[in-house]
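Structure at a glance
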Amino acid sequence: MDEITSLDRLTGGETAIVEDICSECVDGCRLAAMGLAPGAMIRMLMPGRTCAVQVGQCRLMLRSKDATGIRVSRLAGSAA
């Protein structure tokens, strides 16, 4: 079973599916325009206070306070 957590809890190389974006915490419309929306597959490239993620062919930098408002399902067997 996939584990649901916040995006900021992923480690480098982990892959997950976006489940929900807290509209009170993050500008969901802005993120959706960049491909970060529920159902999107995301890969953590560089965790930290400002994390780097990949969504499709797009690489994004997110502040940790924004990453905490994004709920994801860790994919079983993704690199940790």
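Throughout what follows, the structure given in this document is the object of discussion. Fair warning: this is a prediction, and the values are worked out from it, not measured in the lab.

Focus: the overall build of the chain
- Along its length, the chain carries two helices and six strands.
- Helices and strands appear in the chain in the N-to-C order β-β-α-β-β-β-α-β.
- Relative to its length of 80 residues, the chain is compact, with a C-alpha radius of gyration of 11 Å against a globular reference of 12 Å.
- Buried positions account for 39% of the 80 residues belonging to the chain.
- For the chain, the accessible area works out to roughly 4600 Å², and carbon and sulfur atoms hold 52% of it.
- With 9 positive and 9 negative side-chain charges, the chain shows a spacing of 8 Å between the two charge centroids.

Remarks on the pattern of salt bridges
- Tallying each qualifying case throughout the model produces three salt bridges.
- The partner of E3 in a salt bridge is R74, with the nearest N and O atoms 3.0 Å apart. Here R74 lies in strand β6 (residues 70–74) and E3 lies in strand β1 (residues 3–6), a separation of 71 residues in the sequence.
- Residue E3 is classed as partly exposed on the basis of its relative accessible area, which comes to 43%.
- Note that R74 is salt-bridged to E14, the shortest N-O span being 2.8 Å. Taken as a pair, R74 in strand β6 and E14 in the loop between β1 and β2 (15–21) lie far apart in primary sequence, 60 residues in all.

Structural notes on the pairing of strand β3 (residues 41–46)
- Examined bridge by bridge, β2 and β3 share three bridges and lie antiparallel to one another. From the neighbouring strand, I17 faces β3, where its bridge partner is M41.
- Where β3 and strand β4 (residues 50–55) come together, four bridges link them in antiparallel fashion. Bridge pairing links I42 to V55 in β4.
- Between the end of β3 and the start of β4, which pair antiparallel, lie three residues, with G48 showing a positive phi angle near 145°.

Parameters at a glance
- Residues numbered from 1 in each chain as written.
- Predicted model: local features only at pLDDT ≥ 70, side-chain atom pairs only at ≥ 80, totals over all residues.
- Heavy atoms only, no water.
- Helix = DSSP H or I, 4+ residues; strand = E, 2+ residues; numbered from the N terminus.
- Rg over C-alpha atoms; globule rule 2.2 N^0.38 Å.
- Buried < 20%, exposed > 50% of the residue type's maximum accessible area, 1.4 Å probe, protein only.
- Areas by Shrake-Rupley, 256 points an atom, 1.4 Å probe, with all protein chains shown as cover.
- Lys, Arg positive; Asp, Glu negative; His and termini not counted.
- Charge placed at Lys NZ, Arg CZ, Asp CG, Glu CD.
- Salt bridge = Lys/Arg side-chain N within 4 Å of Asp/Glu carboxyl O.
- Pairing = 2+ DSSP bridges.

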